[in-house]
Amino acid sequence: KQEVTQIPAALSVPEGENLVLNCSFTDSAIYNLQWFRQDPGKGLTSLLLIQSSQREQTSGRLNASLDKSSGRSTLYIAASQPGDSATYLCAVPGSNDYKLSFGAGTTVTVRA
Amino acid sequence: GAVVSQHPSRVICKSGTSVKIECRSLDFQATTMFWYRQFPKQSLMLMATSNEGSKATYEQGVEKDKFLINHASLTLSTLTVTSAHPEDSSFYICSARASYGPNTEAFFGQGTRLTVV
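What this report covers is the structure whose coordinates are included nearby. (Residues numbered from 1 in each chain as written. Chains lettered and ligands numbered in written order. Predicted model: local features only at pLDDT ≥ 70, side-chain atom pairs only at ≥ 80, totals over all residues. Heavy atoms only, no water.)

1. As for the environment of Phe-107 of chain B
Residue and element names in this part refer to chain B.
Moving on, step 1. You can see Phe-107 is positioned in strand β10 (residues 107–108).
Moving on, step 2. A relative accessible area of 15% places Phe-107 in the buried class.
Moving on, step 3. Along the chain, Phe-107 and Val-3 lie 104 residues apart, while their C-alpha atoms are 7.0 Å from each other. (Helix = DSSP H or I, 4+ residues; strand = E, 2+ residues; numbered from the N terminus. Buried < 20%, exposed > 50% of the residue type's maximum accessible area, 1.4 Å probe, protein only.)

Following this line, the structure appears as structure tokens:
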């Protein structure tokens, strides 16, 4: 059974600092990995989907890397802003049933 | 990205009544929809998977008679919480994918906060 872990659980940084969010998974036979953002009391917004054949995916200030063999993905957010404050979740689909397994999330606070 | 609309965003109901939550894919046809429940400060817990035109598949421990799911069209799935009780109070989120395959991006609704009094 796939297990997804996100460390740290919470992170507080001053505005302008770069953010590094970690996601690890136990079964490296993944098809892809997806990063989401969740604001308090809201649903999930898809940020990036990185395919298993890719090592990196970029969108604006966001960059996600994937190392399948070591079971890790990292989400980098450059030049953080207070508007980046949210919970960030990573998820991978199962190899047999394609259901998403989620990490518990990293709650980010960017201080102005 | 694609848009998934969930309605209502908040609902308060009395104990013993039923509540229906709608999930619509606005700009794509969703072959598969997923329903999740989220407790405070926890991640999402998958409740069930629904494929258009067929019965939903429920996760272990989820009562199918309590949480009725209907996926009657390629753009609409509904979750009905029947005979709601205070312990059913939670945040419910739906997700939609254009196909069942693993390489299809998942898009989520805005969530529904259900409070049973």
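After that view, the rundown keeps rolling.
2. So, the packing of aromatic side chains
Moving on, step 1. With the rule as written, the count across this model stands at 7 aromatic pairs over all chains.
Moving on, step 2. Look at Phe-36 of chain A and Phe-108 of chain B: their rings are 5.1 Å apart centre to centre, the planes differ by 80°, and that puts the pair in the edge-to-face class. Highlighted residues: Phe-36 of chain A in strand β4 (residues 32–38) and Phe-108 of chain B in strand β10, drawn from two different chains.
Moving on, step 3. For Phe-36 of chain A, a relative accessible area of 0% corresponds to the buried category.
Moving on, step 4. Overall, the relative accessible area of 8% leaves Phe-108 of chain B in the buried class.
Moving on, step 5. When the centroid spacing of 5.7 Å and the interplanar angle of 90° are considered together, the rings of Phe-102 of chain A and Tyr-36 of chain B count as edge-to-face. (Phe/Tyr/Trp six-rings, centres within 6.5 Å; stacked < 30°, edge-to-face > 60°.)

3. Observations regarding the interface of chain B and chain A
Moving on, step 1. Contacts between chain B and chain A engage 21 residues on the former and 21 residues on the latter.
Moving on, step 2. In total, about 1600 Å² of surface goes out of reach between chain B and chain A, with carbon and sulfur atoms giving 56% of it.
Moving on, step 3. Summed over the shared surface of chain B and chain A, the result is 1 salt bridge.
Moving on, step 4. The salt bridge involving Glu-59 of chain B is made with Lys-99 of chain A; its shortest N-O contact spans 2.6 Å.
Moving on, step 5. Summed over the shared surface of chain B and chain A, the result is 6 residue pairs in polar contact (both at pLDDT 80 or more).
Moving on, step 6. Elements supplying a minimum of two residues to the side of chain B that touches chain A: β4 (32–38), β5 (44–51) and β9 (90–97) of chain B.
Moving on, step 7. A breakdown of the residues in the side of chain B that touches chain A according to their chemical character gives 10 nonpolar, 8 polar and 3 charged. (Contact = heavy atoms within 4.5 Å. Buried area = accessible area lost by both parts, 1.4 Å probe. Salt bridge = Lys/Arg side-chain N within 4 Å of Asp/Glu carboxyl O. Polar contact = N/O pair within 3.5 Å; in protein donor to acceptor, adjacent residues only side chain to side chain. Nonpolar A, V, L, I, M, F, W, Y, C, P; charged D, E, K, R; others polar.)

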